[in-house]
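One-letter residues, chain by chain:
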Amino acid sequence: MTLAPDFRAAGAALRAIPPVALRGEVAGLSGLMAEIAGVAGQTAIGSRLWLHPRGGGGPVLAEIVGFRDRIARAMAFGKLDGLGPGAAVVVPARIDPDGTTPHGIRIGEAGMLAPGPAWLGRVIDPLGRPLDGRGPLPPGPVLRPVRAAPPEAATRARLGPPLGLGVRAIDAFATMRQGQRLGLFAGSGIGKSTLLAMLARGAETDVTVLALVGERGREVREFLEDELGPEGLARAVVVVATSDAPPLLRREAAYAAMTIAEHFRDHGKGRNGGQVLLLMDSVTRYCLALREIGLSAGEPPATRGYPPGVFAELPLLLERAGPGPVPPGAPMAGGEPGAITALFTVLVEGDDHNEPVADAVRGILDGHVVLERRIAEAGRYPAVDVLRSLSRAAAGCLDAERAGLVRRARAVLALHAEMADMVRLGAYRAGTDPAVDEAVALAPRIEAMLRQDRAERSGLDQAFAALGAALEPHGT
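Our subject in this report is the structure included herewith. (Residues numbered from 1 in each chain as written. Predicted model: local features only at pLDDT ≥ 70, side-chain atom pairs only at ≥ 80, totals over all residues. Heavy atoms only, no water.)

## Comments concerning the environment of aspartate 132
So, point 1. Along the chain, aspartate 132 turns up in the loop between strand E10 (122-124) and strand E11 (144-145).
So, point 2. We classify aspartate 132 as partly exposed; its relative accessible area is 24%.
So, point 3. With 10 residues separating them along the chain, aspartate 132 and arginine 122 place their C-alpha atoms 6.8 Å apart.
So, point 4. A distance of 3.2 Å separates a polar side-chain atom of aspartate 132 from the backbone nitrogen of valine 123.
So, point 5. In this structure the side chain of aspartate 132 is engaged in a polar contact, spanning 3.3 Å, whose partner is the backbone nitrogen of arginine 134. (Helix = DSSP H or I, 4+ residues; strand = E, 2+ residues; numbered from the N terminus. Buried < 20%, exposed > 50% of the residue type's maximum accessible area, 1.4 Å probe, protein only. Polar contact = N/O pair within 3.5 Å; in protein donor to acceptor, adjacent residues only side chain to side chain.)

Encoded structure:
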């Protein structure tokens, strides 16, 4: 018994010895892929390693994305300049403090982040490195894997109460609930970025996490300074991977943003978590990065050049958003744990809303908001097509009065759209049909209510009050 303290001290000393890193070498390079020999027996898909270029220069972080004949196939988070056959490869290893891995050593761990409150107001890259020139990011208390499973379906909370987003067109016609996920479908140049900034500033949440995946580098500062502004940035964490970044880094931006959102969901202001708004722009560019990775790894192209792995990976990411898991022993009531309310933009190619990514995302999420080029060209912003936009959870949070207002407004707009050409050509005579006369009178008022300046804020109650006023017979 007297030897026990000595054994414990010896064990602690042994665990403090850094393990020998696993070493290999580059066996070949092809396009974006590096083939690594000598590490296949100790690594797995997702393991991280360092590639050491010849002739100096710092090591390049890479991740294993496949194997072929005991040769690991890795893609880099940076440029492959200076690499060639025989270049050194180091797979880092560390002592496992929990003792849950063989021999107590973790080799080639997957990506991890340690978000914390000090990350608010910061702009970072997908690896957690600061991009805003404001010094290093203090790590948070919990190290989280960036590739995590969604909460179990049977143990996660239900959707919470209605959530005001600060945009009348969405609040009234596609009302969201805490923990709901919507797709924002738009072509290029229709005001998508401006709408995202309005949501980031106006949403009634504790924290905003914004992922800019594959954005133009020129537009990042303009978006942060002109659209988001200091007030919006102060309660946000922005993850940026521009279009010139390697595909692995663009893919990682989506995972990193989701991981940060999960941290603030679980460790937010409330007793059981926080309310987080996650804005991801765009899921399409995330899928394009997955396509580049999959094709380079040898996956066959399937739907419009997308390999099957893209559509297997997509729900694994999107399902991580939503209400958090209910704490053990707590009642299964909605709104108790924290929740990630998410809007994922989809950049529809050629304004085709049925292209593969748009179709897949629409089937996974809880509704969709459509931005229409025709509306933007007419000068009404945000250019939300309310007749094509839908929140699948709105029926569970709107009372009878508000639901009736939305139904009536939709009916008015639909009838006006149907008769617009006849009215414009003079083929319809006023007084022929009272319903058409009403639509002709009320539709312009609804359109005026939907128009909103990017600096204007509107709460949920104000949105429905404005809609009710627009539907008054005499505009009172």
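## Considering helix H10 (residues 400-425)
So, point 1. Compared with the 38 Å implied by 1.5 Å per residue over 26 residues, the 38 Å span of H10 between its first and last C-alpha is a close match.
So, point 2. If you look at H10, its biggest bend is around 50 degrees, right at methionine 419.
So, point 3. Those residues of H10 lying buried are Arg402, Ala403, Leu405, Val406, Ala409, Val412, Leu413, Met419 and Ala420.
So, point 4. Contacts from the buried residues of H10 go to helix H2 (168-173), helix H11 (434-450) and helix H12 (460-470).
So, point 5. Backbone nitrogen of glutamate 401 and a side-chain oxygen of the N-cap are separated by 3.2 Å at the start of H10; the cap is aspartate 399.
So, point 6. Backbone geometry just downstream of H10 places glycine 426 in the positive-phi region, at approximately 80 degrees. (Expected span 1.5 Å × (residues − 1). Bend = angle between axes of the 7 residues up to and from the residue. Contact = heavy atoms within 4.5 Å.)

## Quick look at unusual backbone geometry
So, point 1. The omega torsion across aspartate 281 and serine 282 is 5 degrees, close enough to zero to call that bond cis.
So, point 2. Structurally, serine 282 is set in the loop between strand E17 (275-281) and helix H6 (283-296).
So, point 3. Here the amide bond leading from tyrosine 381 into proline 382 is cis, since omega sits at -5 degrees, within 30 degrees of zero.
So, point 4. The residue proline 382 is located in the loop between helix H9 (373-377) and strand E21 (390-391) in this model.

## Examining the pattern of salt bridges
So, point 1. Counting across every chain of the model gives 30 salt bridges.
So, point 2. Where aspartate 281 meets lysine 192, a salt bridge forms, and the shortest distance between an N and an O atom there is 3.3 Å. Here aspartate 281 is found in strand E17, whereas its partner lysine 192 is found in helix H3 (residues 192-202), with 89 residues between them in sequence. The pair aspartate 281 / lysine 192 is uniform in exposure class, with both members buried.
So, point 3. Between arginine 454 and glutamate 227 there is a salt bridge whose closest N-O contact spans 3.0 Å. Of this pair, arginine 454 sits in the loop between H11 and H12 while glutamate 227 sits in helix H4 (residues 217-234), and the two are 227 residues apart along the sequence.
So, point 4. Judged by its relative accessible area of 42%, arginine 454 falls in the partly exposed class. (Salt bridge = Lys/Arg side-chain N within 4 Å of Asp/Glu carboxyl O.)

## Points about the layout of surface pockets
So, point 1. In this structure, the largest pocket spans a volume of roughly 500 Å³.
So, point 2. The wall of the largest pocket is formed by 19 residues, among which Arg374, Leu413, His416, Ala417 and Glu447 lie closest to the centre.
So, point 3. Every element with two or more residues in the lining of the largest pocket is listed here: H9, H10 and H11.
So, point 4. Per-class residue counts for the lining of the largest pocket are 12 nonpolar, 1 polar and 6 charged. (1 Å grid on protein atoms, 1.4 Å probe; cavity = no way out; pocket = protein on both sides within 12 Å on 5 of 7 lines; lining within 4 Å. Points joined across faces, edges and corners; volume = space filled by probe spheres on them. Nonpolar A, V, L, I, M, F, W, Y, C, P; charged D, E, K, R; others polar.)

## So, the nonpolar core
In a soluble, globular protein the nonpolar side chains are often hidden away together inside.
So, point 1. In terms of nonpolar packing, the biggest core is built from 60 residues, with Leu165, Phe173, Leu199, Val238, Ile446 and Leu467 touching the most fellow members.
So, point 2. Every residue in contact with phenylalanine 173, bar those within four places of it in the chain, is listed here: Arg168, Val386, Ser389, Val406, Ala409, Arg410, Leu413, Ile446, Leu450 and Leu467. (Core = buried A, V, L, I, M, F, W, Y, C linked by side-chain atoms within 4.5 Å.)

## Some words on the environment of proline 327
So, point 1. Among the structural elements, proline 327 can be located in the loop between strand E18 (322-323) and strand E19 (339-347).
So, point 2. Here proline 327 falls in the partly exposed class, since its relative accessible area comes to 28%.

## A short note on the side chain of serine 47
So, point 1. Relative to the elements of secondary structure, serine 47 occurs in the loop between strand E2 (33-37) and strand E3 (48-51).
So, point 2. The class for serine 47 is buried, based on a relative accessible area of 5%.
So, point 3. Within the structure, serine 47 has its side chain in polar contact with the backbone oxygen of alanine 44 (distance 3.0 Å).

## Let's talk about the packing of aromatic side chains
So, point 1. Going through the model one piece at a time under the given rule, you end up with 2 aromatic pairs.
So, point 2. Where tyrosine 255 meets tyrosine 286, the ring centres are 5.9 Å apart and the plane angle is 85 degrees; that geometry is what we call edge-to-face. Placement of the pair is tyrosine 255 in helix H5 (residues 247-266) and tyrosine 286 in helix H6, with a sequence separation of 31 residues. Each of the two residues, tyrosine 255 as well as tyrosine 286, counts as buried.
So, point 3. Seen from their ring centres, tyrosine 306 and phenylalanine 311 are 5.8 Å apart, and the 65 degrees between their planes marks the pair as edge-to-face.
So, point 4. The exposure class assigned to tyrosine 306 is buried, which follows from its relative accessible area of 1%.
So, point 5. For the cation-ring pair, arginine 291 lies above tyrosine 306, with the distance from its terminal atom to the ring centre recorded as 4.5 Å.
So, point 6. Geometry around phenylalanine 185 places arginine 362 over its ring, the cationic atom sitting 5.5 Å from the centre. (Phe/Tyr/Trp six-rings, centres within 6.5 Å; stacked < 30°, edge-to-face > 60°. Lys NZ or Arg CZ within 6 Å of the ring centre and 35° of its normal.)

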